[in-house]
Structures are given as structure tokens and as C-alpha cells.
Amino acid sequence: MKYDIGIIGGGPAGYTAAFQARQKGLSVVLFEKDKIGGVCLNKGCIPTKAILHSAEVFEQMKCAENLGLVCEDIKVDYEKVVERKDKIVEKLRKSLELSLKNAGVTVVNAEVSAVDEKIIANGEIYECEKIITATGSAPRDFDNLKFDHEFVLSSDDILNLKTLPESIVIIGSGAIGIEWARIFNAFGVDVSIVELAEHLLPLADIEVSKRVERIFKAKKIKMYLSKSVETIQNRVVTLNSGETIEPEMVLLAVGRKPLKTDGLCIGDSCGKIQLAHFAIKQAVAEISGVEFDENLVPSVVYGCPEIAWVGKREQDLEEGTYQKSNMLISALGKSHCDECTEGFIKILSQNGKIVGAHIVSKEASALIQQITIAMQNSITIDDLKKVCFAHPTYSEGIFESLFRL
């Protein structure tokens, strides 16, 4: 069997490349050894956000009296939370599978071996003029800190829990660690976070990290910063400081490792930015030639409030070479209506243009996109000030911030 393109991996990078190639009239065979949708749909973004939404609603219900609502005897049926998550994932996966079929993509559910232009799967040989590897990534562990999938869990394992633990230690405070800390804390689990860096969410702007720490402290989430795990023995977590923690379980959330093979790699397997939207843009660029600026890939951490950023951080800029505005979300009327006054909008500029933005706010994931569009198109701050922002919204916080530069 001969094809123009053979794609190994059916995650966001792989299926986007397949759709793009079919739009160009190319014949495509897509190989996936597990489930179509990859990490994002099956073990990452979507299932985590489904559970996170349940956690947020539960937390809001506990404060319903502030809104004039009476909610009594509120309980969590975590098994049903997980069932809802599974239904959402299955529905989206079936829709994706149907879309691939309707687009004329040949999908082969099998593990493959590739030799030059030939791919072997299920004993069949597929000759492909071009082979793209989009095999994704897997949870990372270390020689002295291994998953046992019972006490020390990966981000894959944590999605399969049917009951909530009484307590948990989360090692690592990237997006995965922060989001699961929020989920467990909302459901009443005793949460401790161990982070090697000086601050939580070390990839973020320093003011964002400090704000997250303040929020977590108010929620009574324990934080062990500038600390590492020395050993885990007999269900006791010992830190390099000598402190010990005895949780019911541990979530090891220290990132993911690329599942790389030879040849052209896109998505997580290329070892660059491990975000689904980055993988999608890579696929579009590879097939259609529509380039994008890798320095303007927005990052989002979900929960309440959301955390989002794009471009340069303040700690990356030389003092005296930039301007900064920092506006509190509590200055916006909409935030009081929603009871979501925590956070800020921070914009960094140089030579009359935005070079970085960092937002802690409800709807931050949408707000950051507005700024990304402006940065992508080199729109000046003076021109942005001419835009009419609706009121009352969180978006008008961007408008207010521009006038402080």
C-alpha cells in the first residue's frame, strides 16, 4: 500500500497533520497504537479540565450563601465525577474518529516500525513518500524516584482514581501540579506541594508565582519550596531538609519525556514546548507552510483564578529598558459580580509595543489570546487604545492596563 504521508501518532500533532494533508489532496495513513486523541484528549488536558470543573462547582456551592442561595448537605461522589470525565473523553474521541474517517484518512490501530520510506504494522507494509513522527510524551520519573502506580502515581494514574485520598503530596508545581493541587484542595483533600525551585510555577513571571503562593496559602495548601524529595520509603516522604510527610499517596508531576523516534518529529515528541496548541501549529506549519512565532505561544494553567502568560517575563528584561503596568482585577466591576476578585493583569512594553503579558484572573485563558493577537501583528499600544472594550467585562482590564503604560 502506498501513501503520500505516513503519520505515527494520533494526538493533536498527528491528527492535525492528517487533516491538513487531506485538505491538500494528499493520501494519508495514520498509525495509533492506543487511542486517537493522544495525551491531550485521553490523559491530559480534557479529562483534567472535566474533573477541575466539578471541583470548581463544588467549591462555589460551598459559598452559595454569599449569593443568596441555600445549598445544604453538599457532598462529593467522586466516582460519578470520574464517570462524567470518561463520558466527555469518549464522546470527543468518537467525534474525532468520525472526522478522520470522513476526511478520508486511513487509520491503523497498531504499533509500528519504520524503515526508510516503509512502515510495517500488523504485518503489512506501507510505503510512504514522507513519514512524520508524532508519538507524544510520557510522564517523567527518576532513578531514585520511580512510579509504582500504587503509592507514587503519575498524571496518568491520578486520572483513574475512583475515590479521593485523605492526603496527598504533589512533587512539582508546573501546570499539572498546580491544577491537581486545586482539584484535591477543592474536594477537601490535605495537599502538600514540594517544589525544587524557589517559587511555585517556576516558568511563570515572578509576580504570578508569588500570587499563586498567596492564594494557596489562603487555601491552606502546604508548600515546601526550595526543597526536594530525598527518599520515599514505607509510605514516608523524606525531604532533603530532613522534614517528613506521611500522605496517603504521592503524585509525581515533574514533567513529561518525549517518546522520540528517528525522522521528522512534531508535537511533544520533538522535545520543545509540550502544549497541544503548539503541536497543532507545528503540524500546520509542516504540512501547509504557515509559519508561526514560537516565542508567542501562550501558556495557561486552569482553575480559579486562571493563570496565563505570553512573551517575556519581567525577570528576563533588563532594568530600565521596559515599561510595566499592573492592574488589580478587583478594580473591575465584573469581578465583584462574579465573586472572583483575586488576581491582576500585568503588561510589559518596549518601544510602544507589548512584549509580555501575565494574567491571574477568571477568563485569563481568553484574555491572553487578545494580547497574543496584538503581539503577533505588532499592533502598537496607541492603536490598541483606540479599540472599544465592552463593559462590564474582564477584557476592559486590558484597556485600563494600556493607559497605565
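Note that this is a predicted model, so its numbers are computed, not measured.

1. Structural notes on the overall build of the protein chain
Check the secondary structure of the protein chain and you find 12 helices and 22 strands. Here the C-alpha atoms of the protein chain give a radius of gyration of 23 Å, agreeing with the 22 Å that 2.2 N^0.38 yields for 405 residues. Taken along the three principal axes of its C-alpha coordinates, the protein chain extends 65 × 60 × 45 Å. Out of the 405 residues belonging to the protein chain, those deemed buried represent 48%. Sequence separation of 24 or more characterises 64% of the internal contacts of the protein chain that already satisfy a separation of 6 or more. If you sum the accessible surface of the protein chain, you get close to 19800 Å²; carbon and sulfur atoms cover 49% of it. Positive and negative charge centroids in the protein chain, built from 47 and 57 side chains respectively, lie 3 Å apart.

2. A short note on the packing of helix α1 (residues 12–23) against helix α4 (residues 78–102)
Relative to each other, α1 and α4 sit at 30°, their axes nearing to 10 Å. Taken together, the axes of α1 and α4 lie roughly parallel to each other. Considering how the two elements wind past one another, α1 and α4 form a crossing that is left-handed. Between α1, through Tyr15, Ala18 and Phe19, and α4, the contact on the second element is made entirely by Leu96, Ser99 and Leu100.

3. Re the environment of Asp268
One can find Asp268 in the loop between β17 (264–265) and α8 (276–288). Since its relative accessible area comes to 15%, Asp268 is described here as buried. C-alpha separation for the pair Asp268 and Ser137, spaced 131 residues apart in sequence, amounts to 5.6 Å. The contacts of Asp268, once residues within four sequence positions are left out, are Gly136, Ser137, Pro258, Ile273, Gln274 and Leu275. Polar contacts involving the side chain of Asp268 include one to the side chain of Ser137, which spans 2.8 Å.

4. Quick notes on helix α6 (residues 175–186)
If you check α6, its first and last C-alpha atoms are 17 Å apart, about what 12 residues at 1.5 Å a residue would give, namely 16 Å. The buried fraction of α6 amounts to 10 of the 12 residues, a majority that puts the element mostly inside the structure. Taken residue by residue, α6 has Gly177, Ile178, Glu179, Trp180, Ala181, Arg182, Ile183, Phe184, Asn185 and Ala186 as its buried positions. Following α6 by one or two positions, Gly188 has its phi on the positive side, about 90°.

5. Regarding unusual backbone geometry
Each neighbour pair has its own omega, and for Cys304 with Pro305 the value is 0°, a cis peptide bond. One can find Pro305 in the loop between β18 (299–301) and β19 (306–311). Here the amide bond leading from His391 into Pro392 is cis, since omega sits at -5°, within 30 degrees of zero. Even without a glycine there, the phi angle at Asn234 is positive, about 50°. Within the secondary structure layout, Asn234 lies in the loop between β12 (229–233) and β13 (236–239). If you check the backbone angles, Asn351 has positive phi at about 55° while not being a glycine. Assignment of secondary structure puts Asn351 in the loop between β21 (344–350) and β22 (353–361).

6. Observations concerning a nonpolar patch on the surface
A cluster of nonpolar residues, Val115, Ile120 and Ile125, forms a patch on the protein surface that exposes about 230 Å² of accessible area. In this fold, Val115 is placed in strand β4 (residues 112–115).

Scoring rules and cut-offs
- Counting restarts for each chain, with residues numbered from 1 along the sequence as it is written.
- Selection of residues for local features in this predicted model requires a pLDDT of at least 70, selection of side-chain atom pairs for listing and counting requires 80 or more, and totals for whole chains, interfaces and linings are taken over all residues.
- To obtain the side-chain values, all non-hydrogen atoms of the structure were included, while hydrogens and water were left out.
- Per the convention used, a helix needs a DSSP run of H or I reaching at least four residues, while a strand needs a run of E reaching at least two, with both numbered from the N terminus.
- With the radius of gyration taken over C-alpha atoms, the globule rule is written as 2.2 Å times the number of residues to the power 0.38.
- Exposure classes here rest on a 1.4 Å probe applied to the protein chains alone. A residue is buried below 20% of its type maximum, exposed above 50%, and partly exposed in between.
- In this description, contact between two residues means that some pair of their heavy atoms is separated by no more than 4.5 Å.
- For the area figures, the Shrake-Rupley method with a 1.4 Å probe applies, and any residue is considered shielded solely by the protein chains shown.
- Under this rule, positive means Lys or Arg and negative means Asp or Glu; His and the chain ends count for nothing.
- For the purpose of locating charges, the reference atoms are NZ of Lys, CZ of Arg, CG of Asp and CD of Glu.
- Axis definition: a line fitted to C-alpha atoms, limited for helices to the stretch in contact. Angles are taken between N-to-C directions and run from 0 to 180 degrees.
- Should an angle fall under 35 degrees it is taken as roughly parallel, and over 145 as roughly antiparallel, whereas 65 to 115 is taken as roughly perpendicular and any remaining angle as oblique.
- By definition, turning the near helix anticlockwise from the far helix through less than a right angle yields a left-handed crossing, and turning it clockwise yields a right-handed one.
- N or O atoms within 3.5 Å of each other form a polar contact, as long as, within protein, one can give a hydrogen and the other can take it, and as long as residues adjacent in sequence are counted only when both atoms are side-chain atoms.
- Multiply 1.5 Å by the residue count of a helix minus one, and that product is the helix's expected span.
- In this scheme, patches are assembled from residues that exceed 30% relative accessible area and form no salt bridge. Like charges are connected within 9 Å, while nonpolar side chains (Val, Leu, Ile, Met, Phe, Trp, Tyr) are connected within 5 Å.
- Whenever a carboxyl oxygen of Asp or Glu lies within 4 Å of a side-chain nitrogen of Lys or Arg, that contact is scored as a salt bridge.

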